[in-house]
Amino acid sequence: MQYNWSRYLRLILAGITGTTLLGWYFGVPLYGLLTGLTVYLWWTLLQARRLYQWLGNPSASDEPPQSIGMWGHIFDSLHKLHQSHLSKQDTLRSRINRVQDSTNSMREGVIMTNTRGEMEWWNDAAEYLLGFRRSTDRGQYIHNLIRSPAFKTYFEARNYAEPLELNSPAKPHIHLEFQINQFGDDDRLIVAKDVTRLFQLEQMRRDFIGNVSHEMRTPLTVISGYLETLIDHVEELPPKWRRAIHTMQTQSSRMEALITDLILLSKIETGEHTADQVPTDVEVMLNQIRNDAKALSGEKGHQIDIQITEHRLLKGDGNQLRSAFSNLIFNAVKYTPAGGQITVIWGTNRDGAHLTVKDTGIGIDPVHIPRLTERFYRADPSRHQGTGGTGLGLAIVKHVLINHDGHLEIQSNLGEGSRFICHFPYERLVERAPENTSS
Ligand code: ADP
């Protein structure tokens, strides 16, 4: 509502003129004027004091101070403002309560931290899963409560594309998956999900495959041993058995290779072969693999070139790296027709270190590329016949690279050859010590 200022001013002027006229009537007009002004000043101060007192604690009384004129209008306006502020506050509070209630009903732990990583709020599930206590933990650094170095690195890296899995610091039998979202001014919302069942199932699957493979290895060794003895005396056997014995030997060798790869994959996956931080000489390793690849190529006479532009060492598990690199190079030999060219390049750019295996072979239809690293996935089941492949090679490569903070990139087209690139982070490179020459 618009206040009528000119009416108010006229009223004050009329009052002061009245007291001046009264003074003039008694022969002291100046006193009359002064009395009018003093009364007005005193009344104004009184209203200002009432306003000040009311503003100090506006919630103490429902009604604002009553007054007339401009002051009455100010009191009413401020009262209305205060009421609307209160009602907005109520709406906001009830919304916050609703969000908190719904977050509390979640099975996932939800934690909010501020820019400095101090804990501001968390829900009941976080209290249960991570053992936080409202009475003591509010304002604490999250790293003081989740004391895992892996969590600290993940939290500070600010790259939350992939979740982090960890055991709960308070209940080690609970396996948690952490996902962090950044919001506001570098605040963070951390969601901790209980994935214990999934983790146990995954572990059971790995253990099962590992155990079965181990159990199968002994009988298979016995069978292969007998088959080899039979092959040595194959000329003494009736002709109809000879073919059978040869087929049995080929199949038992295939099974041996399969079991070896399964055991290796399960070890790499379970972290039994944790990526040891040993500086590895990639150049020496590649030259050794090239000799084996030449032997595999045999009469097919592939041209195998190694180009090295990076002479620093690669920190990692030498055995795992050898498996990964040899799988890629042997695949290039297997899937490249006789006389083809295979080029292996080890180098770096500002994105990190890269090992590229390039061939002029049969290539792969791009539709298969996203699934190639799955166990037993084959781009074309007919093409692997006779290659002796187990279907596990690229799965091994993928897991080795994961263990080394890297990833595999595949570029290929049917009939145009293939390019497999192992990417490693720059931090994995270490300077070569003068005396260090071993791989
Ligand atoms: P395999 O033992 O069958 O070679 P891998 O896991 O090593 O199993 O490879 C999976 C599939 O990817 C292969 O069956 C093959 O179809 C394809 N592949 C791998 N490397 C190459 C390559 N250099 N050129 C063409 N195809 C390839």
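Owing to the predicted nature of the structure, the values given are computational and were not obtained by experimental measurement. (Residues numbered from 1 in each chain as written. Predicted model: local features only at pLDDT ≥ 70, side-chain atom pairs only at ≥ 80, totals over all residues. Heavy atoms only, no water.)

*Asks:* Pulling in residues and values, what's your account of unusual backbone geometry?
*Replies:* Leaving glycine out, the prevailing phi sign among residues is negative, and the prevailing peptide bond configuration is trans. The phi dihedral of Phe376 falls on the positive side, at around 65°, and the residue is not glycine. With respect to the helices, strands and loops of the structure, Phe376 is situated in the loop between strand E10 (352-359) and helix H12 (393-403). The phi torsion at Asp405 lies on the positive side, around 60°, for a residue other than glycine. (Helix = DSSP H or I, 4+ residues; strand = E, 2+ residues; numbered from the N terminus.)

*Asks:* So, the site of the ligand: which residues are in play, and what are the values?
*Replies:* Among the 20 residues in the neighbourhood of the ligand, the closest are listed as Asn331, Tyr335, Asp359, Gly391 and Leu394. The separation between a nitrogen atom of the ligand and a polar side-chain atom of Asp359 is 2.9 Å. Measuring from an oxygen atom of the ligand, one finds a backbone N or O atom of Gly393 at 3.3 Å. Against a free-state accessible area of 530 Å², the protein chains account for coverage of 99% of the ligand. Counting residues per element, the shell around the ligand draws most heavily on helix H11 (residues 318-334), which supplies 3 residues. Grouping the constituent residues of the shell around the ligand by class yields 9 nonpolar, 7 polar and 4 charged. (Near = heavy atom within 4 Å. Polar contact = N/O pair within 3.5 Å; in protein donor to acceptor, adjacent residues only side chain to side chain. Areas by Shrake-Rupley, 256 points an atom, 1.4 Å probe, with all protein chains shown as cover. Nonpolar A, V, L, I, M, F, W, Y, C, P; charged D, E, K, R; others polar.)

*Asks:* Describe in detail the sheet that holds strand E11 (residues 407-412), supporting the description with residues and values.
*Replies:* Read across the sheet, 5 strands follow the order E7-E9-E10-E12-E11 without closing on themselves; strand pairing throughout is mixed. The open sheet has two edge strands with one neighbour each: strand E7 (303-308) and E11. Taking the axes of each pair of neighbouring strands and ignoring which way they run, one obtains an average angle of 15° across the sheet. In this sheet, strand E12 (residues 418-424) lies alongside E10 in antiparallel orientation, the contact comprising 7 bridges. Each residue of the ladder has a partner; that of Thr356, found in E12, is Ile421. (Pairing = 2+ DSSP bridges. Axes fitted to C-alpha atoms, helices over the stretch in contact; angles between N-to-C directions.)

*Asks:* Any details on the domain arrangement of the protein chain? Residues and values, ideally.
*Replies:* Domains assigned within the protein chain are domain 1 (5-100), domain 2 (106-194), domain 3 (198-269) and domain 4 (278-430). Here domain 2 and domain 4 have C-alpha centroids that lie 38 Å from each other. (Domains from an automatic or database assignment.)

*Asks:* Could you give me a rundown of the pattern of salt bridges, with the residues and numbers involved?
*Replies:* Per the stated rule, a full pass over the model turns up 15 salt bridges. Here Glu118 and Arg116 are joined by a salt bridge, their closest N and O atoms 3.1 Å apart. Overall, the relative accessible area of 15% leaves Glu118 in the buried class. A salt bridge links Arg158 to Asp186, with the nearest nitrogen and oxygen atoms 2.8 Å apart. You can see Arg158 sitting in the loop between helix H7 (149-157) and strand E3 (164-167) and its partner Asp186 sitting in the loop between strand E4 (175-183) and strand E5 (187-194), a full 28 residues away along the chain. (Salt bridge = Lys/Arg side-chain N within 4 Å of Asp/Glu carboxyl O. Buried < 20%, exposed > 50% of the residue type's maximum accessible area, 1.4 Å probe, protein only.)

*Asks:* So what's going on with the sheet that holds strand E8 (residues 313-316)? Which residues, and what values?
*Replies:* Overall, antiparallel pairing links the 3 strands, which are arranged E6-E8-E13 in an open sheet. Looking at the sheet topology across the chains shown, the edges are occupied by strand E6 (278-280) and strand E13 (429-430). Relative to E13, E8 is paired through 2 bridges, and the arrangement is antiparallel. Across the sheet, Leu314 pairs through a bridge with Leu429, a residue of E13. Set on the sheet, H11 makes contact with E6 and E8; between it and E8 the angle comes to about 110°. (Contact = heavy atoms within 4.5 Å.)

*Asks:* For a nonpolar patch on the surface, give the residues involved together with the corresponding values.
*Replies:* Judged by side-chain polarity, Leu22, Tyr25, Phe26, Val28, Leu30, Tyr31, Leu33, Leu34 and Leu37 come together as a nonpolar surface patch covering roughly 990 Å² of accessible area. Looking at the nonpolar patch element by element, the count peaks at 5 residues for helix H2 (residues 29-56). Tracing the backbone through its elements, the reader meets Tyr25 in helix H1 (residues 5-25). (Patch = residues over 30% accessible without salt bridge, like charges linked within 9 Å, V, L, I, M, F, W, Y side chains within 5 Å.)

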